[in-house]
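As a plain string of letters, each chain reads:
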Amino acid sequence: MRTQNTSAPITRLQAHVRDRPRTALARYVAAATLARTADGGAVVAIVLLATTSGAPGWLAGLLGAAITAPHLAGPFIARVLDTARDGRTVIAWACIFHGATLAAAVWAYPHVWTVVTVALLVVSGLVGPLLTGGISSRLPAIAGPERSSQRRAQGWDVATYGIGGTIGPSLVAAISAWSSPTVAALVLAAGTFAAAGLVRLLPYAAPPAEAGGVPHPAQTLGLMLTSGPLRRTLYLTVIVAFSVAALPITAVGATGPLDVAPAAAGILTAAYGLGGLAGSGVLMAKPLAGDADRIMTLLAAIVAAALGLVALTGVFWAAIGAYAVAGAANSLFFAATLAARSEYAPATARGQVFVWVGALKIAAGSAGTAFAGATIAAALHAPLIIAFAVTLASSGASFLERRRERKASPRRTMS
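Residues numbered from 1 in each chain as written. Predicted model: local features only at pLDDT ≥ 70, side-chain atom pairs only at ≥ 80, totals over all residues. Heavy atoms only, no water.

A grouping of Val 112, Trp 113, Val 115 and Val 116 is seen on the molecular surface, where their side chains present a nonpolar patch of about 420 Å² in accessible area. Mapped onto the elements of the fold, Val 112 is located in the loop between helix 5 (87-108) and helix 6 (114-126). (Patch = residues over 30% accessible without salt bridge, like charges linked within 9 Å, V, L, I, M, F, W, Y side chains within 5 Å. Areas by Shrake-Rupley, 256 points an atom, 1.4 Å probe, with all protein chains shown as cover. Salt bridge = Lys/Arg side-chain N within 4 Å of Asp/Glu carboxyl O. Helix = DSSP H or I, 4+ residues; strand = E, 2+ residues; numbered from the N terminus.)

Next comes the structure, spelled out in structure tokens:
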């Protein structure tokens, strides 16, 4: 009897320890979804706020750019993630600042000079990268040391990006129709406050080094460019983001040749989003296996093939399937880049690497959208054909680069 009494508490403790990563991951998914929903929906709320108040189009664009363009400065504030005693505090305050400044901007907009609203939105945008790549940098400390558990958790992370990017704008549109864009923005702000509390409940991870041992942003970028796997992660991510940004533009232009109503473009983009969520679901059940560098190269080629498939489809229902395939392929590729960032980034600069890649990905996506809009007038499928070519070329370059490194490796060992 005594043996049974002493073993029961041990069993319960072991069960609690086994369950802890699951509960931590659940809190992570909730926090990341709330934060990324706010980040994805904020620009839509701001643009709707301006347009419904009768502001000219250029002002709506200016306000939208004020909250999105500062994401490019993310790498220069991300160093604090690697130097702070507790990175959870940094991300939690970033969530609070994002929500507070967004709420202040929409409240102030009708009553103050435009420059004040712009300044508030710029502050909100500056901390935006900490809600995306910054939160992702916490995942390795949550998922456990095994590569399979890390990659399964990355599947969940990909899902939070997909959900946030889909639900954020949809939530804003629904609340704006029911009430107003101001109320929609305030709901997003409330979500970031909740995310801040959940982030503080994540497991603690000690800083990787003293502040003096953490590289500065320019040094981190140089490190990424000189490390083969990180360099490939960077340019493959940028090129794929540039390429898939053509899909929404092409969806709008393709409705005529596909002989469907213009509103059907929303069905195509929804198919892309659902395909992405399906891809992340596959990753949760069966994580990516093998070397992340090699997987990225392969999946970039698959994304290129999916873009080519979209360009070739001439029937609406086939186009829906092609967009879904492209979404799934991009979701798998994104998971591979998360794995590469986790596995190849040095511990002293992991937060910066995540944010550097994320910031340049956003810039590439914006450039891809602008490029597609400029070239689609010449030929409907011109953006997709160009996207197919550059994505396939980048995958080929990655393959050749990896092959050259493997051949050079034995010679370095012998010397």
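From this point on, the discussion continues.
Glancing now at helix 15 (residues 265-285). Helix length check: helix 15, at 21 residues, gives a terminal C-alpha distance of 31 Å against a target of 30 Å (1.5 Å per residue), a fit within 8%. Along helix 15, the residues classified as buried are Ala 265, Leu 268, Ala 271, Gly 275, Gly 276, Gly 279, Ser 280, Leu 283 and Met 284. For helix 15, the secondary structure elements touched by its buried residues are helix 10 (147-178), helix 14 (246-254) and helix 17 (316-344). (Expected span 1.5 Å × (residues − 1). Buried < 20%, exposed > 50% of the residue type's maximum accessible area, 1.4 Å probe, protein only. Contact = heavy atoms within 4.5 Å.)

Time to look at unusual backbone geometry. Of note in the backbone geometry, Asp 259 takes a positive phi value of approximately 60° without being a glycine. Its location among the elements puts Asp 259 in the loop between helix 14 and helix 15.

Okay, the pattern of salt bridges next. Here the structure, examined in full by the defined rule, presents 11 salt bridges. Here Arg 200 makes a salt bridge to Asp 86, at a shortest N to O gap of 3.1 Å. You can see Arg 200 sitting in helix 11 (residues 181-200) and its partner Asp 86 sitting in the loop between helix 4 (79-83) and helix 5, a full 114 residues away along the chain. When its relative accessible area of 15% is taken as the criterion, Asp 86 is described as buried. Among the ionic pairs, Glu 405 bridges to Arg 231, the shortest N-O distance being 3.7 Å. With a gap of 174 residues between them, Glu 405 in helix 19 (residues 382-414) and Arg 231 in helix 13 (residues 228-244) connect regions that are remote in the sequence. Classification of Glu 405 by relative accessible area gives partly exposed; the value is 27%. Among the charged side chains, a network of salt bridges with common partners joins Arg 231, Arg 232, Asp 291, Asp 293, Glu 401, Arg 402 and Glu 405.

The next subject is the packing of aromatic side chains. Centre-to-centre distance and the angle between the planes together describe a pair of aromatic rings. Counted under the stated rule, the structure contains 5 aromatic pairs. Between Phe 76 and Trp 356, the ring centres sit 5.7 Å apart and the planes meet at 65°, which makes this aromatic pair edge-to-face. Highlighted residues: Phe 76 in helix 3 (residues 74-77) and Trp 356 in helix 18 (residues 350-375), separated in sequence by 280 residues. Owing to a relative accessible area of 55%, Phe 76 belongs among the exposed residues under this scheme. The class of Trp 356 is buried, set by a relative accessible area of 8%. Arg 36 extends its terminal NZ or CZ atom over the ring of Tyr 161, reaching a point 3.8 Å from the ring centre. Positioned above the aromatic ring of Phe 334 is the side chain of Lys 361, whose terminal nitrogen or guanidinium carbon lies 3.7 Å from the ring centre. (Phe/Tyr/Trp six-rings, centres within 6.5 Å; stacked < 30°, edge-to-face > 60°. Lys NZ or Arg CZ within 6 Å of the ring centre and 35° of its normal.)

Moving on to the environment of Ile 67. Along the chain, Ile 67 turns up in helix 2 (residues 57-68). Considered as a pair, Ile 67 and Arg 200 are 133 residues apart in the sequence and their alpha carbons are 25 Å apart. Beyond its immediate chain neighbours, meaning those up to four positions away, Ile 67 contacts Ala 42, Val 43, Leu 102, Leu 121, Ser 124 and Gly 125.

The next subject is the confidence of the model for the chain. Per-residue confidence for the chain gives a mean pLDDT of 85; residues scoring 70 or more make up 92%. Predicted confidence is poor over residues 1-19, with pLDDT under 50, and the contacts of this stretch with residues over four places away or in other chains come to 0 contacts. (pLDDT = per-residue confidence, 0-100.)

Moving on, we get to helix 2. Taking 1.5 Å of rise per residue, the 12 residues of helix 2 would be expected to cover 16 Å, and the 17 Å separating its terminal C-alpha atoms lies within 8% of that figure. Three or more residues of helix 2 are buried, namely Leu 59, Ala 60, Leu 63, Gly 64, Ala 66 and Ile 67. Viewed end-on, helix 2 has its buried residues packed into an arc of 155°, placing them on one side of the element. Exposed side of helix 2, more than 90 degrees from the buried face: Gly 57 and Trp 58 are the residues found there. (Arc of directions from axis to C-beta.)

It is worth spelling out the packing of helix 5 against helix 6 at this point. Running from N to C, helix 5 and helix 6 point in directions that differ by 160°, and their axes come no closer than 8 Å. When the axes of helix 5 and helix 6 are compared, the pair comes out roughly antiparallel. With respect to the hand of their crossing, helix 5 and helix 6 are arranged in left-handed fashion. From helix 5, His 98, Thr 101, Leu 102, Ala 104, Ala 105 and Ala 108 reach across to helix 6, where they touch Thr 117, Leu 120, Leu 121, Val 123 and Ser 124. Per-class residue counts for the contact of helix 5 with helix 6 are 7 nonpolar, 4 polar and no charged. (Axes fitted to C-alpha atoms, helices over the stretch in contact; angles between N-to-C directions. Parallel < 35°, antiparallel > 145°, perpendicular 65-115°, else oblique. Left-handed = near helix turned anticlockwise from the far one by under 90°. Nonpolar A, V, L, I, M, F, W, Y, C, P; charged D, E, K, R; others polar.)

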